Amino acid sequence: MSELAFGARVELSCLARNAAAGDELAWTELVRRLDGVLRGVARRYRLASADVDDVVQTTWLRAVDHVGRLHDPGAIAGWLIVTARREAMRTLQRGVREVLTDDTSCIDDPDPASPDTLVIARERRMALRSAVDRLSGRQRVLLASILSTPAPTYEQLSTRLAMPVGSIGPTRDRALARLRDDPDLARAVAG
């Protein structure tokens, strides 16, 4: 820790102790030094201006209640920052309402038959087929067979591809690893 940072920590420690003892000037100085920092923390959560004010005000109120209980008064700045983050998160969650239910029919899932969903699914299938077509020999034939409908059993694959059952899993895993590294497929799935 630099000498300057150490000096600032000692000053904050003294201010926190004095504020805990009821010194109004110490509180004023703490607010002067740290209010801007707390506002910056709250703004990082993209809160409305009024919500930023509420977060900062609540943080200071919590400080009034807890400053005397800090084990290390020099840590007041860190304590205030963490408290501001928590208050900002509470503010964000205030608008979220969860209702627990066993009724799955009320879940807002996208309509699986909507035009957007159908087009995206078709584009992803086409991208997957293209990526499989770019695989080499056995890997391409194996994954193309696995993707067919209905999916064959390992025994059927073994017979169809003249491949021992014990080789199907490792060959499939290598093919899937290559698909995971395929940049065109990654773009199609991410989009």
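Our subject in this report is the structure included herewith. The model shown is predicted, which means the values in this text are computed figures rather than measured ones.

A short note on helix 2 (residues 24-43)
So, step 1. Over its 20 residues, helix 2 runs 27 Å from end to end, which matches the ideal 28 Å to within 8%, given 1.5 Å per residue.
So, step 2. Leu-34 marks the point of greatest bend in helix 2, at about 45 degrees.
So, step 3. Where helix 2 starts, the residue carrying a side-chain oxygen 2.9 Å from the main-chain nitrogen of Leu-25 turns out to be Asp-23.

Focus: the nonpolar core
So, step 1. One finds Leu-12, Trp-27, Leu-30, Leu-34, Trp-60, Ile-76 and Leu-80 to be the most contacted residues of the largest nonpolar core, which totals 24 residues.
So, step 2. Mapped onto this core, the elements with two or more residues apiece are helix 1 (3-20), helix 2, helix 3 (49-66) and helix 4 (76-94).
So, step 3. Counting residues per element, this core draws most heavily on helix 2, at seven residues.
So, step 4. Grouped together as the second largest cluster of nonpolar side chains are eight residues, Ala-131, Val-132, Ala-175 and Leu-179 included.

Describing the side chain of Thr-91
So, step 1. Looking at the element boundaries, Thr-91 is found in helix 4.
So, step 2. Residue Thr-91 is classed as buried on the basis of its relative accessible area of 13%.
So, step 3. For Thr-91, the residues in contact, after removing those within four places along its chain, are Leu-47, Asp-51 and Val-55.

Quick look at the packing of helix 6 (residues 137-147) against helix 8 (residues 165-180)
So, step 1. Helix 8 packs onto helix 6 with a crossing angle of 95 degrees between their chain directions and a minimal axis gap of 9 Å. Taken together, the axis directions place helix 6 and helix 8 in an arrangement best described as roughly perpendicular. Seen from helix 6, the contacting residues are Gln-139, Leu-142, Leu-143 and Ile-146; seen from helix 8, they are Ile-168, Thr-171, Arg-172, Arg-174, Ala-175, Leu-176, Arg-178 and Leu-179.
So, step 2. Across the contact of helix 6 with helix 8, the residue classes break down as seven nonpolar, two polar and three charged.

Points about the environment of Leu-128
So, step 1. One can find Leu-128 in helix 5 (residues 115-133).
So, step 2. Residue Leu-128 is classed as partly exposed on the basis of its relative accessible area, which comes to 26%.
So, step 3. As a C-alpha pair, Leu-128 and Leu-179 span 51 residues in sequence and 8.4 Å in three-dimensional space.

Some words on the pattern of salt bridges
So, step 1. Inspection of the entire model under this criterion finds twelve salt bridges.
So, step 2. A salt bridge links Glu-29 to Arg-32; the nearest nitrogen and oxygen atoms lie 2.5 Å apart. Taken together, the residues span about one helical turn, with Glu-29 and Arg-32 both in helix 2 at a distance of three residues.
So, step 3. Note that Glu-87 and Arg-90 form a salt bridge whose closest N and O atoms lie 2.5 Å from each other. Here the residue Glu-87 and the residue Arg-90 both occupy positions in helix 4, the gap between them amounting to three residues, near one helical turn.
So, step 4. Connected through shared salt-bridge partners, Glu-11, Glu-29, Arg-32 and Arg-33 make up one network.

Some details on the packing of helix 5 against helix 9 (residues 183-190)
So, step 1. Relative to each other, helix 5 and helix 9 sit at 170 degrees, their axes nearing to 9 Å. Relative to helix 9, the element helix 5 lies roughly antiparallel. Crossing hand, helix 5 versus helix 9: left-handed. Along the contact surface, helix 5 presents Arg-124, Ala-127, Leu-128 and Ala-131, while helix 9 presents Leu-185, Ala-188 and Val-189.
So, step 2. Taken together, the residues of the contact of helix 5 with helix 9 break down into six nonpolar, no polar and one charged.

Re the side chain of Ser-158
So, step 1. Looking at the secondary structure, you find Ser-158 in helix 7 (residues 154-161).
So, step 2. Among the residues examined, Ser-158 registers a relative accessible area of 16% and is labelled buried.
So, step 3. Beyond its immediate sequence surroundings of up to four residues, Ser-158 is in contact with Met-163, Pro-164, Val-165 and Ile-168.

What counts and how
- Residues numbered from 1 in each chain as written.
- Predicted model: local features only at pLDDT ≥ 70, side-chain atom pairs only at ≥ 80, totals over all residues.
- Heavy atoms only, no water.
- Helix = DSSP H or I, 4+ residues; strand = E, 2+ residues; numbered from the N terminus.
- Expected span 1.5 Å × (residues − 1).
- Bend = angle between axes of the 7 residues up to and from the residue.
- Polar contact = N/O pair within 3.5 Å; in protein donor to acceptor, adjacent residues only side chain to side chain.
- Core = buried A, V, L, I, M, F, W, Y, C linked by side-chain atoms within 4.5 Å.
- Buried < 20%, exposed > 50% of the residue type's maximum accessible area, 1.4 Å probe, protein only.
- Contact = heavy atoms within 4.5 Å.
- Axes fitted to C-alpha atoms, helices over the stretch in contact; angles between N-to-C directions.
- Parallel < 35°, antiparallel > 145°, perpendicular 65-115°, else oblique.
- Nonpolar A, V, L, I, M, F, W, Y, C, P; charged D, E, K, R; others polar.
- Salt bridge = Lys/Arg side-chain N within 4 Å of Asp/Glu carboxyl O.
- Left-handed = near helix turned anticlockwise from the far one by under 90°.

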